[in-house]
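Coordinate analysis (summary)
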Amino acid sequence: MSANLSAIFYLISGVLFILALRGLSSPETSRQGNFFGILGMTIAITVTFLSVGSFSSGLIYVLIFLLIGGLIGAFIAYKIPMTAMPELVAGFHSLVGLSAVFVAISAFLNPEAFNLGLPGDIKLASLIEMSIGAAVGAITFSGSIIAFLKLQGIMSGSPITFKGQHFFNASLLISIIVLTYLLCSTQSSNFFWIMLAVSFLIGFLLIIPIGGADMPVVISMLNSYSGWAAAGIGFTLENSALIITGALVGSSGAILSYIMCKGMNRSFFNVILGGFGATESASSGSKEQRPVKSGNAEDAAFLMKNASSVIIVPGYGMAVAQAQHALREMVDTLKKNDIKVTYAIHPVAGRMPGHMNVLLAEANVPYDEVFELEEINNDFANADVAFVIGANDVTNPSAKNDPQSPIYGMPVLDVEKCKSVLFVKRSLSPGYAGIDNDLFYKENTLMLFADAKKMTEDITKNL
Amino acid sequence: MEIDPFIFRLSIFILSIFIGYYVVWSVTPSLHTPLMSVTNAISSVIIVGAIIAGLAGNSDSNFTNSNIFGFLAISLAAVNIFGGFLVTQRMLQMYKKKKLNK
């Protein structure tokens, strides 16, 4: 296949990828969008095989590795529980990063295969593009591995900081630029390897100081990086499908990071520099024992039975307890009693963008009953019961009325405006941000101390 | 004077960033998780580079290091492609079952 023809096919698959993202603007068109994505990928892979043309003995290995990877991927996709989506996405990001590194290494070792010149005499532009792709890929890889370990709970979610951290990271970043310059001027492979090693180290150091609650930002950011890495490699390979995709994914991740930061009222740099939640909340000095009303499943069932509208506020705790199915059963019972039930989702509920929506969808909750913060926040004043399950900081009124609070200014759900609030929680412990929640001590709040799933099931029994 | 082809690629890149910007802002927030998994899958189109590296010039079975890195990259990217699209499909399927309980 001629180079021009294959370039046109790569362009077509790039356009199909755009349509794949476009489809996600509504659930109705989303499945068609995913189909376009698969089609685009199939075209890109087929064209690559055809354009290489000369089928050497390498072909059989290429197919074997493709098959092995494909089977593993399909198996994971089929088996993974929806609650583990953040870990899965972090894991997948690390693979994109590592394959970008591997492709860059291959191109560096055998530039002739990619028309980039000869080993030791690679075109300058290609060398720079390759280095960018490899460095960003390496950062994506090691950063995602740390994010994965933190989400999986293998590594503690609390930030790891040390003295001079920012200075150290900054000097490493500068050293990458210097190493790339040395690589370009000397063509010596040593600089390439050192540059890769430093990049892996930076990815690792960049993510360790970021706390568990900031994971939505981290995942989005790594999503963005994986795109820029792909684009860098796309420039090296002069492949428009890769350039288009890299740019799409890069800007997608950047927008998601922005939305997540806005959801927490924090600047991007504030999150990246990390350390949030490391120091136990400064205002915790005045930690007098305040009275709390606690109740059991019967009390909760009684309150809800007499309500005419209920708003459910799910959070990460619901995912941990796997309570989404139990919750939907409870809601079904409520609906049978002609009670209006809606769901309110905060942008940063859960550990990744849209996490709660997927869990509710998994439990067969119709998506037209699920609302975003801005859509539903005014409804709390008219609702009878707010049922907070596994959420905490996103309901904290001190974000609105206590300028001393670390989360002051963060948009929160106006849960306290409801006639009564049911708060399912295992204990009075503060949330991830380490801040006490005034809502616990409000007159109209009833705390339900139990595992989210068990409590929801018990309430259903009592309805 | 002839324009360097790099400039054309750069144009594609810059314009695609803008397309990405507008397309992604129109994605409904409830589909942000599928958005992440599908962007994951499509960024693995990097597999085209891996395939070129894996197939690069040899007629016998003496693989160079470059080939081997290509093979490894192929399997990593394939995990992502199949895993990413299938898990997205699985999620989107759930959003479909909407009126089931009515």
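Every chain begins its residue count from 1, and numbering advances along the sequence as written. Here the convention is simple: chains get letters from A, ligands get numbers from 1, in the order in which they are written. Totals for whole chains, interfaces and linings use all residues, but because this is a predicted model, local features are given only for residues with pLDDT of at least 70 and pairs of side-chain atoms are given and counted only at 80 or more. In computing side-chain properties, one takes all heavy atoms of the structure into account and sets aside hydrogens as well as water.

**Some remarks on helix α11 (residues 297-305) of chain A**
Residues and elements named next belong to chain A. Each residue is assigned to one of three classes by its accessible area relative to the maximum for its type, calculated with a 1.4 Å probe on protein chains only: buried under 20%, partly exposed between the two thresholds, exposed over 50%. A helix here means a DSSP run of H or I that spans at least four residues, while a strand means a run of E at least two residues long, and both kinds are numbered starting from the N terminus. Among all positions in α11, only Ala-297, Ala-300, Ala-301 and Met-304 are buried. Buried residues along α11 cover an arc of 100 degrees about the axis, so they all sit on one side. Set apart from the buried face of α11 by more than 90 degrees, the exposed residues are Glu-298 and Phe-302. Residues count as neighbours in contact if any of their non-hydrogen atoms are within 4.5 Å of one another. Of the surrounding secondary structure, the elements contacted by the buried residues of α11 are β3 (309-314), α13 (324-336), β6 (385-389), β7 (420-425), β8 (445-449) and α17 (452-462). Of the residues that open α11, the one with a side-chain oxygen 3.2 Å from the backbone nitrogen of Glu-298 is Asn-296. Taking the helix axis as origin, the arc is that swept by the directions to the C-beta atoms. Counting of polar contacts relies on pairs of N or O atoms within 3.5 Å, with two restrictions inside protein: one atom must be capable of donating a hydrogen and the other of accepting it, and residues adjacent in sequence are counted only when both atoms are side-chain atoms.

**A closer look at the packing of helix α5 (residues 124-152) of chain A against helix α8 (residues 215-237) of chain A**
All names here are of chain A. Lines fitted to C-alpha atoms define the axes here, with helix axes fitted over just the stretch in contact, and angles between the N-to-C directions of these axes take values from 0 to 180 degrees. At a minimum axis distance of 8 Å, the contact between α5 and α8 shows a crossing angle of 155 degrees. Judged by the angle between their axes, α5 and α8 are roughly antiparallel. For the element pair α5 and α8, the recorded crossing hand is left-handed. Residues are grouped as follows: Ala, Val, Leu, Ile, Met, Phe, Trp, Tyr, Cys and Pro are nonpolar; Asp, Glu, Lys and Arg are charged; every other residue, Gly included, is polar. Looking at the contact of α5 with α8, its residues break down into 14 nonpolar, nine polar and two charged. Throughout, the term roughly parallel applies to angles under 35 degrees, roughly antiparallel to angles over 145, roughly perpendicular to angles from 65 to 115, and oblique to all others. If you view the pair so one helix is near and one far, a crossing is left-handed when the near helix is turned anticlockwise from the far one by less than a right angle, and right-handed when it is turned clockwise.

**Considering the packing of helix α9 (residues 240-263) of chain A against helix α1 (residues 5-25) of chain B**
Relative orientation of the contacting elements α9(A) and α1(B) amounts to 40 degrees, with a least axis distance of 8 Å. For the element pair α9(A) / α1(B), the angle class is oblique. Considering only the axes of α9(A) and α1(B), their crossing is right-handed. Every residue of α1(B) that contacts α9(A) at A:Ser240, A:Ile243, A:Ile244, A:Ala247, A:Leu248, A:Ser251, A:Ser252, A:Ile255, A:Tyr258 and A:Ile259 is listed here: B:Arg9, B:Ile12, B:Phe13, B:Ser16, B:Ile17, B:Ile19, B:Gly20, B:Tyr21, B:Val24 and B:Trp25. When grouped by side-chain class, the residues that make up the contact of α9(A) with α1(B) number 14 nonpolar, five polar and one charged.

**Let's talk about the environment of A:Gly263**
Within the fold, A:Gly263 resides in helix α9. Taking the C-alpha atoms as reference, A:Gly263 lies 8.5 Å from A:Val412; in sequence the two are 149 residues apart.

**Brief notes about the pairing of strand β4 (residues 340-345) of chain A**
Residues and elements named next belong to chain A. Within β4, five of the six residues are buried, which leaves the element mostly enclosed by the surrounding structure. Pairing between two strands requires that DSSP report at least two bridges joining them. Examined bridge by bridge, β3 and β4 share four bridges and lie parallel to one another. Bridging from a neighbouring strand, Val-310 pairs with Val-341 of β4. Here β4 pairs with strand β5 (residues 370-372) via three bridges, running parallel. For Ala-344, the partnering residue across the bridge sits in β5 and is Phe-371. Call a crossover right-handed when, viewed with both strands pointing away from you, the route from the first strand across the helix to the second goes clockwise. For the handedness criterion, the β-α-β arrangement of β4, helix α14 (residues 355-362) and β5 is classed as right-handed.

**Topic: the pattern of salt bridges**
Pairs can form between side chains of opposite charge once their charged atoms are near each other. A pair is scored as a salt bridge if a Lys or Arg side-chain nitrogen falls within 4 Å of a carboxyl oxygen belonging to Asp or Glu. With the rule as written, the count across this model stands at nine salt bridges over all chains. A salt bridge links A:Glu238 to B:Arg9; the nearest nitrogen and oxygen atoms lie 3.6 Å apart. Here A:Glu238, found in the loop between α8 and α9, pairs with B:Arg9, found in helix α1, and the two come from separate chains. When the shortest N-O distance is used, the salt bridge between A:Lys419 and A:Asp384 registers 2.9 Å. You can see A:Lys419 sitting in the loop between α16 (398-401) and β7 and its partner A:Asp384 sitting in the loop between α15 (373-376) and β6, a full 35 residues away along the chain. Given a relative accessible area of 14%, A:Asp384 falls into the buried group. Because the salt bridges share partners, they merge into one network encompassing A:Lys400, A:Asp414, A:Glu416 and A:Lys417.

**A look at the interface of chain B and chain A**
Listed by partner, the interface residues are 83 residues for chain B and 101 residues for chain A. Between chain B and chain A, a total of about 8400 Å² is buried, with carbon and sulfur atoms accounting for 76% of that surface. On the chain B side of the interface with chain A, the three residues burying the most area are B:Met36, B:Ile46 and B:Leu55, jointly 9% of the side's total. Linking chain B to chain A there are one salt bridge. In this structure, the connection of chain B to chain A is made through 17 residue pairs in polar contact (both at pLDDT 80 or more). At the level of secondary structure, the elements contributing two or more residues to the side of chain B that touches chain A comprise α1, α2 (32-43), α3 (47-55) and α4 (65-96) of chain B. With 30 residues, the top contributor of residues to the side of chain B that touches chain A is α4(B). Classifying every residue of the side of chain B that touches chain A by side-chain character gives 48 nonpolar, 27 polar and eight charged. When two parts are brought into contact, each loses some accessible area as probed by a 1.4 Å sphere; the total of that loss over both is the buried area.

**Some words on unusual backbone geometry**
All names here are of chain A. For Glu-238, which is not glycine, the phi dihedral falls at a positive 55 degrees. Despite not being glycine, Asn-364 has its phi angle at roughly 65 degrees, a positive value. Inspection of the secondary structure puts Asn-364 in the loop between α14 and β5. A residue is classified by how much of its surface remains accessible, and Asn-364, at 19% relative accessible area, is buried.

**So, the sheet that holds β5(A)**
Residues and elements named next belong to chain A. If you walk across this open sheet you meet the six strands as β5-β4-β3-β6-β7-β8, and the pairing is parallel. Whereas interior strands pair on both sides, the edge strands pair on one side only; in this sheet they are β5 and β8. Here the average twist between neighbouring strands, direction ignored, is 25 degrees. Taken together, the five bridges between β7 and β8 define a ladder with parallel strand orientation. Counted as the bridge partner of Val-421 is Thr-445 from β8. The strands that α14 touches are β3, β4 and β5; relative to β4, the one it contacts most, it runs at about 145 degrees. Most of the contacts of α17 go to β6, to which it runs at about 145 degrees, and overall it touches β6, β7 and β8.

**Structural notes on the confidence of the model for chain A**
Residues and elements named next belong to chain A. For every residue, the predictor reports its confidence as pLDDT, a number between 0 and 100. Per-residue confidence for chain A averages 86 on the pLDDT scale, and 94% of its residues sit at or above 70. Helix α4 (residues 85-109) holds the highest mean pLDDT among the elements of chain A, 93, whereas helix α10 (residues 268-273) holds the lowest, 75. Note on residues 277-287: pLDDT under 50 across the span, and four contacts to partners over four residues away in sequence or across chains.

**Quick notes on the nonpolar core**
Within soluble globular proteins, side chains that are nonpolar generally end up buried alongside one another. Buried Ala, Val, Leu, Ile, Met, Phe, Trp, Tyr and Cys residues form a nonpolar core when they are joined through side-chain atoms within 4.5 Å. Formed by 181 residues in total, the largest nonpolar core has its most connected members in A:Ile312, A:Phe380, A:Phe387 and A:Ile459. Here the element with the most residues in this core is α4(A); it accounts for 15 residues. Look past the residues within four positions of A:Ile459 in its chain and what remains in contact with it is A:Ala297, A:Ala300, A:Ala301, A:Met304, A:Met330, A:Phe387 and A:Leu448. Membership of the second largest hydrophobic core comes to five residues, among which are A:Ala231, A:Phe235, A:Ala247 and B:Phe13.

**Topic: the side chain of A:Glu372**
On the secondary structure map, A:Glu372 appears in strand β5. Residues in contact with A:Glu372, not counting those within four places in the same chain, are A:Ile345, A:Asn357, B:Pro29 and B:Ser30.

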